[in-house]
Structures are given as structure tokens and as C-alpha cells.
Amino acid sequence: MSVYAVNHLCRELLRDHAFRAAMKADPAKALEGKNLTPQERDALLAGDVATLYRMGVNSFLMGYLCRFEVCGLTLPAYNERIRSAAPHGN
Amino acid sequence: MAEIVGAFGVPHTPVFPFFVKRDGPDSEIAQFFKAVTDELVALKPDLIVMFDTDHLNTFFLDNLPVFAVGVTDTFKGPNDEPREVPVYDIKSLPDFGAHIRRTAIDAGFDVALVQEFTVDHSVAVPLHFMTPQMQVPVIPIFINGHVPPLPKAQRCFELGRAVKRAIETWPKSMRVVTMGSGSFSLDVWGPRIAPGRSDGVPDPDWASRVCELLEQMQVPALISEATESQMLKAGNVGGELLNWIAMLGTIGERKPEFVKPQMANGHAYAAWRRG
């Protein structure tokens, strides 16, 4: 059920501009109180989108992490990491 | 009686409005959208019925219908901030939407009702190009083409046939066009994006095959080949083909006026006229 919370907070980055600003300023603080497992929290804070993908997080929603450049994600970093999760190479 | 005077298949790539603003009216994207827009204008529609897949912006994983119809007098969109697209107020026809839903349910499709909603780029981008004054009312019919399990292609085609019956049994004289929104092969923010990009076309052969089948109107072959595994192999939005297949259910067997592939993006622009 908790992957749901990751999906949900990714969409909140789009919807809730205050949360977006908080995630850009201090992601660890912004994620306090969210219903996340330690593994999910660590993967989010590391911008480890390959691990999040393997956990079942939706790709479009995860894309908001990159679009709004939170948790250290830029397009080159996101691109390299998510492509490493491809089941049959790319 | 209302009548279906034409049908369209179009992509909805959210960055296209930005590209057209940057690259001008002679750019490839602008020209493709001009071709479908010229057809649409010539048909003088009173209503657009659009088959669409929402990207978890109208709906979410807390409550995700397989099929839903918008029943409202107006809705706003886009709700997901695509560049260079204003938030439009889009008119709709709630009585007609309710009639479509009733007809679909009578035909065995348990279509969800949605009355207070916004739409994302998948509805707004085609309208931004094709009806920028938002003068034509729009009834959105949502098909889950993104979050497996996907509905079967045959089901979506038959839903289109039910929508055709609904339109043809509407008692007022109206000119209706149907539209399918989406791509054939595209991965967005997923593992099969192209190097350096936020998207990619994992299965260009499939996109070509879909175009070939559309041009020849080999709809039964398209339906049998459009399995869930094939569509997902073509990318995480490959199920948007289901919107095109539902649209095909509304138009009979007439061949398209044109199918214009844009293979670098894994999609096409197509138009049909009443037979």
C-alpha cells in the first residue's frame, strides 16, 4: 500500500505548489510525516528512480520528480537511472 | 437524429504546443495539425466525442475507472501545466453525455459517471490545435490505456459501436465528430525512453504496422494484434491505441481520407469522413 504514498506524493508535486517548493528546498524535511517505508524514503531522497520503478511506482508520476528537479534529479541523471531499470536493455 | 460526419485520430504530446510556438506554422507538427484541423472545420461539427486516456490527472490510483464518460456542462483543462497551453473552459452537453452512458450501459458496458472533473493534456492539446476558440462542445469518454490490466481491444471497439448507436439515436439533428487521442508506440518517463530524452519510441515497427492497418481499414487484424502485451511492449502509453480503436467503432468500414504517420514520435494523424 505504501507505494501508493510514493505515487501520491509525486502527483502532489504537480498539484501542490507549496509542497513542490518544500521538496525543492529540503526534501528530507518535506517528506517527514509521509507514510513511506525506509526503503522508499531512501530511494526518493537519493533520486533512485530505478529502485522506485522496481518497487512499482508509476513512471509518469515519477517523471514529476525530474520535471520539477527535486531530490537532485535532472534529465540526464533521471534518464540514465531509469534506463538502467529496462528489463531487456534499451 | 444526430449523425457522425467524421472521425479523427490524433496525438496529444504535451510539448507540441511549445514546439509549434517556437518553430512556427511551417513546422512539421503545425502542418500535421493543420491537416486534421482543415478537415474538422470543413465538417462543421456541433459536438466532438473524444476517446481519451487520462494520465492519472483526472483520475488517480485511488479510484480508477476502466471506462468513464464526462457528464457536465463545462470542464477545465489542462490540469497538468503543459507549456504554452492556457487553461481552457471547455463546453460540454450533459444530456447527450448521459444518453451515451445510458446507451453504453444498455449494451453491457458499465461506464462510470464523472460530473466534476478537469482534464489533462490528452484532451486539451488536440483541442488547443484544432478548436482553439473552444467553440465546439466536447464529451470526453475515458478509457484506461495506461494502468494494466487494460481493457481488451475488442471491448473498446464495441464500446465505440455503442457510442455510435447513442449518437444516432439522439433525437436532435446534430453533426458529430468522434476522436481518438494518443500514440501507438511511446514510453514516457519509463525505462525505455531514448538516451537524453524524457520519452522514446520502443517499437517503431508496431507503430508502422498500426498505420498500415489503419490505411487499409483492416480493423479485425488491428484488434487481434493489439493485445495488452503488444501495446505495453510498444511503451507505457502504448495502450492509447485503444482510443483509436474505440473511435474506429464509430465509423463503419470507410477508408480514411488520410493517415499521416509521424514515426519519430510513434504516432499518426488521421481523418475519416462519413461514408
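Since this is a predicted model, take the numbers as computed values, not measurements. (Residues numbered from 1 in each chain as written. Chains lettered and ligands numbered in written order. Predicted model: local features only at pLDDT ≥ 70, side-chain atom pairs only at ≥ 80, totals over all residues.)

(A) Structural detail: the environment of B:P45. All names here are of chain B. On the secondary structure map, P45 appears in the loop between α2 (28–43) and β2 (47–52). On the basis of neighbour count, P45 is assigned to the buried category, with 23 C-beta atoms found within 10 Å. Separated by 225 residues in sequence, P45 and A270 have C-alpha atoms that sit 17 Å apart. Contacts of P45, omitting those with residues within four sequence positions, involve V5, L40, V136, R175, V176 and V177. (Helix = DSSP H or I, 4+ residues; strand = E, 2+ residues; numbered from the N terminus. Buried ≥ 20, exposed ≤ 12 C-beta atoms within 10 Å, placed from the backbone. Contact = placed C-beta atoms within 7 Å.)

(B) Quick peek at the nonpolar core. Core analysis: the biggest nonpolar cluster contains 108 residues, and A:L65 and B:I245 have the highest contact counts within it. The element best represented in this core is helix α5 (residues 153–168) of chain B, accounting for eight residues. Non-local contacts of A:L65, meaning those with residues more than four positions away in its chain, are made with A:C10, A:L13, A:G47, A:V49, A:V70, A:C71 and A:L73. (Core = buried A, V, L, I, M, F, W, Y, C linked by C-beta atoms within 7 Å.)

(C) Looking closely at the confidence of the model for chain B. Within chain B, residue pLDDT values average 97, and 100% of them lie at 70 or more. Two summary scores accompany this predicted model of the complex, namely pTM at 0.97 and ipTM at 0.94. (pLDDT = per-residue confidence, 0-100.)

(D) Highlighting the packing of helix α3 (residues 94–106) of chain B against α5(B). Residue and element names in this part refer to chain B. One can describe the packing of α3 onto α5 by two numbers: an axis separation of 9 Å at closest approach and a directional angle of 125 degrees. Looking at the two axes, α3 sits oblique to α5. Like other packed secondary-structure pairs, α3 and α5 cross with a definite hand, here right-handed. Across the interface between the two elements, H99, I100, T103 and A104 of α3 pack against L159, A162, V163, R165 and A166 of α5. Among the residues making up the contact of α3 with α5, the classes are represented as six nonpolar, two polar and one charged. (Axes fitted to C-alpha atoms, helices over the stretch in contact; angles between N-to-C directions. Parallel < 35°, antiparallel > 145°, perpendicular 65-115°, else oblique. Left-handed = near helix turned anticlockwise from the far one by under 90°. Nonpolar A, V, L, I, M, F, W, Y, C, P; charged D, E, K, R; others polar.)

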